[in-house]
Amino acid sequence: MVHREELAAYLNETLDVHSITDYAPNGLQVEGRDEIRRLVTGVSVSQALFERAVQAEADAILVHHGFFWKGEESRIVGLKAQRLRRLLSVDLNLFAYHLPLDVHPEFGNNAGLAELLECTVEQRVTVRGIPGLLWLGRVATPVTAAALAERLAHTLGQQPVRVGAGTEPIRRIAWCSGGGERLIEEAIAHGAEAFISGELSEPITHIAREAGVHFFAAGHHATERCGVQRLGEHIAATFGIAHEYIEIPNPA
Ligand SMILES: [Zn+2]
């Protein structure tokens, strides 16, 4: 068992939350019961995740995408009210870690992608003041764009969208989990031959073609599953509590 405040303090320190400026509060977002014996992790807040956490008899939920994003409606109304009402009614704690969980060198989504890609990490680049937002590495055996797409499809469970016009074979790869596609020019500036992120937005196709690089949109959700799972397993081992990752499928 771990007390809520002890877990919050441990997570905040482990993920170094105070050194990162983010678009949402990192840490304990919704306070529930004091004692935590069972932790559920998931990528994003949703009623579906909350219901599964209740079924699993969880005491706390840890997600990558939580509540209270900068610029969103700040009143507690509509769907947000429904979600918060459900959480509060069952006394569940909600922890959320956004950018700190993308960039963490061990538990982060970018670290997880490095493993899936079988890349030797060469650089963790600071972008917009956030250390490790963009990672670069090298594959042991150079790959074609089709083979890299196949590797992503196999390891992430969904076919990536592939655009661009790079040279092959690919050796140096850059990646940023989730909605990091706009870092493509940073990736190019650092000599990437291929750039992997979660989503494709309209201008990226032309940038990739003109720069002669391959871009893979491997899925926002799919590229951000690993962080919460790695962190959940670490918490379970550290505090001797139960942990279960709950997948709520999302093709985005
Ligand atoms: Zn994200």
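This one's a predicted model, so the numbers in the text were calculated from it and none came from an experiment.

Draft legend 1. Highlighting the domain arrangement of the protein. By domain assignment, the protein separates into domain 1 (2–98 + 225–245) and domain 2 (103–223). For domain 1 versus domain 2, the distance between C-alpha centres works out to 28 Å. Taking both partners together, domain 1 and domain 2 bury about 1,300 Å²; carbon and sulfur atoms supply 52% of that area. The interface formed by domain 1 and domain 2 contains 1 salt bridge. For E115, the salt bridge identified is with R230, shortest N-O distance 3.4 Å. Applying the counting criterion to the domain 1 and domain 2 interface returns 7 residue pairs in polar contact (both at pLDDT 80 or more). If you list the elements that add at least two residues to the side of domain 1 that touches domain 2, you get strand 5 (60–65) and helix 9 (226–239).

Draft legend 2. Broad picture of the sheet that holds strand 13 (residues 242–245). Strand order across the open sheet formed by 5 strands is 2-6-5-4-13, with mixed pairing between neighbours. Of all strands in the sheet, those with a lone pairing partner are strand 2 (27–30) and strand 13, marking the two edges. Geometrically, the sheet is characterised by an average inter-axis angle of 30° between neighbouring strands, direction not taken into account. Of the pairings in the sheet, the one linking strand 2 to strand 6 (residues 93–96) comprises 3 bridges and is antiparallel in character. Paired with V30 across the strands is L94, a residue of strand 6.

Draft legend 3. Looking closely at the sheet that holds strand 9 (residues 161–164). Spatially, 7-8-10-11-12-9 is the arrangement adopted by the 6 strands of the open sheet, whose pairing is mixed. Strands with a single pairing partner mark the edges of an open sheet, and in this sheet they are strand 7 (119–127) and strand 9. Geometrically, the sheet is characterised by an average inter-axis angle of 25° between neighbouring strands, direction not taken into account. Across 3 bridges, strand 10 (residues 170–175) lies against strand 11 (residues 194–197) in parallel orientation. Directly across from I173, in strand 11, lies its bridge partner A194. Set on the sheet, helix 5 (residues 109–117) makes contact with strand 7, strand 8 (130–143), strand 10 and strand 11; between it and strand 8 the angle comes to about 0°. With respect to the sheet, helix 8 (residues 202–211) is in contact with strand 9 and strand 12 (214–217), its orientation differing from that of strand 9 by roughly 50°.

Draft legend 4. Focus on the coordination of the zinc ion. Only H65 (NE2), H220 (NE2) and E224 (OE) from the protein reach the zinc ion as donors, at distances of 2.1 to 2.2 Å. Taken in sequence order, the residues that donate to the zinc ion follow the motif H-x154-H-x3-E. Taken as a pair, H65 in strand 5 and H220 in the loop between strand 12 and helix 9 lie far apart in primary sequence, 155 residues in all.

Draft legend 5. Structural detail: the packing of helix 5 against helix 9. Between helix 5 and helix 9, the least distance of the axes is 7 Å, while the angle of their chain directions is 100°. Accordingly, the angle class assigned to the pair helix 5 and helix 9 is roughly perpendicular. Listed contacts from helix 9 to N109, A111, G112, L113 and E115 of helix 5 are C226, G227 and R230.

Draft legend 6. Structural context of the nonpolar core. The biggest cluster of nonpolar side chains holds 22 residues, and the ones touching the most others in it are L133, L134, A174, L183, I184, F195 and F215. Counting residues per element, this core draws most heavily on strand 8, which supplies 4 residues. Once residues within four sequence positions are removed from consideration, F195 is found in contact with L134, A174, W175, C176, G180, E181, L183, I184, A187, H214, F215 and F216.

Draft legend 7. Region of interest: the side chain of R4. With respect to the helices and strands, R4 occurs in helix 1 (residues 4–14). Looking at R4, its side chain comes within polar contact range of the main-chain oxygen of R33, at 3.2 Å.

Draft legend 8. Examining the packing of aromatic side chains more closely. For the structure on display, the rule yields 5 aromatic pairs. Between F67 and F68, the ring centres sit 5.5 Å apart and the planes meet at 45°, which makes this aromatic pair tilted. Among the residues examined, F68 registers a relative accessible area of 28% and is labelled partly exposed. Members of the aromatic cluster, connected to one another through ring pairs, are F50, F67 and F68. R124 extends its terminal NZ or CZ atom over the ring of W135, reaching a point 5.2 Å from the ring centre.

Calculation criteria
- Residues numbered from 1 in each chain as written.
- Predicted model: local features only at pLDDT ≥ 70, side-chain atom pairs only at ≥ 80, totals over all residues.
- Heavy atoms only, no water.
- Domains from an automatic or database assignment.
- Buried area = accessible area lost by both parts, 1.4 Å probe.
- Salt bridge = Lys/Arg side-chain N within 4 Å of Asp/Glu carboxyl O.
- Polar contact = N/O pair within 3.5 Å; in protein donor to acceptor, adjacent residues only side chain to side chain.
- Helix = DSSP H or I, 4+ residues; strand = E, 2+ residues; numbered from the N terminus.
- Pairing = 2+ DSSP bridges.
- Axes fitted to C-alpha atoms, helices over the stretch in contact; angles between N-to-C directions.
- Contact = heavy atoms within 4.5 Å.
- Donors = N, O, S within 2.8 Å, 3.2 Å for Na, K, Ca; no water.
- Parallel < 35°, antiparallel > 145°, perpendicular 65-115°, else oblique.
- Core = buried A, V, L, I, M, F, W, Y, C linked by side-chain atoms within 4.5 Å.
- Buried < 20%, exposed > 50% of the residue type's maximum accessible area, 1.4 Å probe, protein only.
- Phe/Tyr/Trp six-rings, centres within 6.5 Å; stacked < 30°, edge-to-face > 60°.
- Lys NZ or Arg CZ within 6 Å of the ring centre and 35° of its normal.

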